[in-house]
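Overview (structure and organization)
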Amino acid sequence: MDESVPPGIDPTKAHPSRRYNYWLGGKDNFAADRASAEVVASAFPTVYLSARENRAFLKRAVRHLAGEAGIRQFLDIGTGLPSAGNVHEVAQAIDPASRIVYVDNDPVVLVHARALLTSEPEGRTAYIEADLRDPDKILANPDLTRTLDLTRPVALMVVATMHFIVDDDDPYGIVSRLLSALPSGSHLVMTHATGDYLTPEQYAESVEANNRSGVPFRLRSRDEFARFFDGLEVLPPGLTSVVEWRPEVPPEGRPPIEDVSMNCAVARVP
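We now turn to the structure provided with this report.

Definitions and limits used
Residues numbered from 1 in each chain as written. Predicted model: local features only at pLDDT ≥ 70, side-chain atom pairs only at ≥ 80, totals over all residues. Heavy atoms only, no water. Buried < 20%, exposed > 50% of the residue type's maximum accessible area, 1.4 Å probe, protein only. Helix = DSSP H or I, 4+ residues; strand = E, 2+ residues; numbered from the N terminus. Pairing = 2+ DSSP bridges. Core = buried A, V, L, I, M, F, W, Y, C linked by side-chain atoms within 4.5 Å. Contact = heavy atoms within 4.5 Å.

1. Details of the pairing of strand S8 (residues 262-268)
Consecutive side chains along a regular strand alternate between the two faces of the sheet. Most of S8 sits out of view: six of its seven residues are buried. In the sheet, strand S5 (residues 187-193) pairs with S8 via seven bridges, with the strands oriented antiparallel. Across the sheet, Ala-193 pairs through a bridge with Met-262, a residue of S8. Relative to S8, strand S6 (residues 233-234) is paired through two bridges, and the arrangement is antiparallel. Looking at S8, one finds that Glu-233 is bridged to Arg-268. Where strand S7 (residues 240-241) meets S8, two bridges bridge the pair, whose relative direction is antiparallel. From the neighbouring strand, Ser-241 faces S8, where its bridge partner is Asn-263.

2. Thoughts on the nonpolar core
One finds Phe-57, Val-62, Phe-74, Val-87, Met-157, Val-189 and Val-266 to be the most contacted residues of the largest nonpolar core, which totals 40 residues. Of all the secondary structure elements, the ones that give two or more residues to this core are helix H3 (47-67), helix H4 (87-94), strand S2 (99-104), helix H5 (107-116), strand S4 (155-159), S5, helix H11 (257-260) and S8. Tallying contributions element by element places H3 first for this core, with seven residues. Not counting residues up to four positions away in its chain, the partners in contact with Val-266 are Phe-57, Ala-61, Leu-65, His-187, Leu-188, Val-189, Glu-233, Val-234, Leu-235 and Trp-245. Core analysis: the second largest hydrophobic core is formed by 33 residues, Val-103, Val-154, Phe-229 and Val-269 among them.

Below, the structure is given as structure tokens:
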């Protein structure tokens, strides 16, 4: 992208949304984002593949929720920069009346979201600039309650987001607080990077690279990931790799789950 900097942005500090954009092949990132992304890739070279598979999972999950589960409201936190197959595009292709609220804390995302995340006439989209670490601020935002009816089921999307929430920020408490505002029949959709497929040496190298990247990051095991879904009804096929959640290609056409290293699940609020 043009290295001119919009107000409120520090171009010397990498941001997860812009770094993810780089891994997906986008142009909306700064030199600091690209440098940080390459540091991570030095320890985990298939991170580009992981980003693509994560994005493909998001589309499949939204299609399932909008098509089979009848969900018409989505709260997508950690939206990232718009790219093909955004939540509202997938959901409104099934029901144009679907409503979506996007949340991110990057002003660059805000600029792009307002320009590109435009709803079908029958539905509605809104964008909130807020930090996941402050769930009460998200829930109290008037744009949220103007767009979504919180007495009806909502899909809470935290896709490739929670691994940026370190333990000191109470990740489980954040998710619990958000879910507490949603009624029965709502769903939680989450993906999370894992170190389960790494050797101890690879794990240590990955942690060190993430520390050097300048972006807080916490790999979590399958058991740690499962804690986010305590008390929820996890949909088949359960907690699994993003590669293996209701795949649309035969096994021989899928990448190895070790190369993707991303767990996922979709669960219903009872």
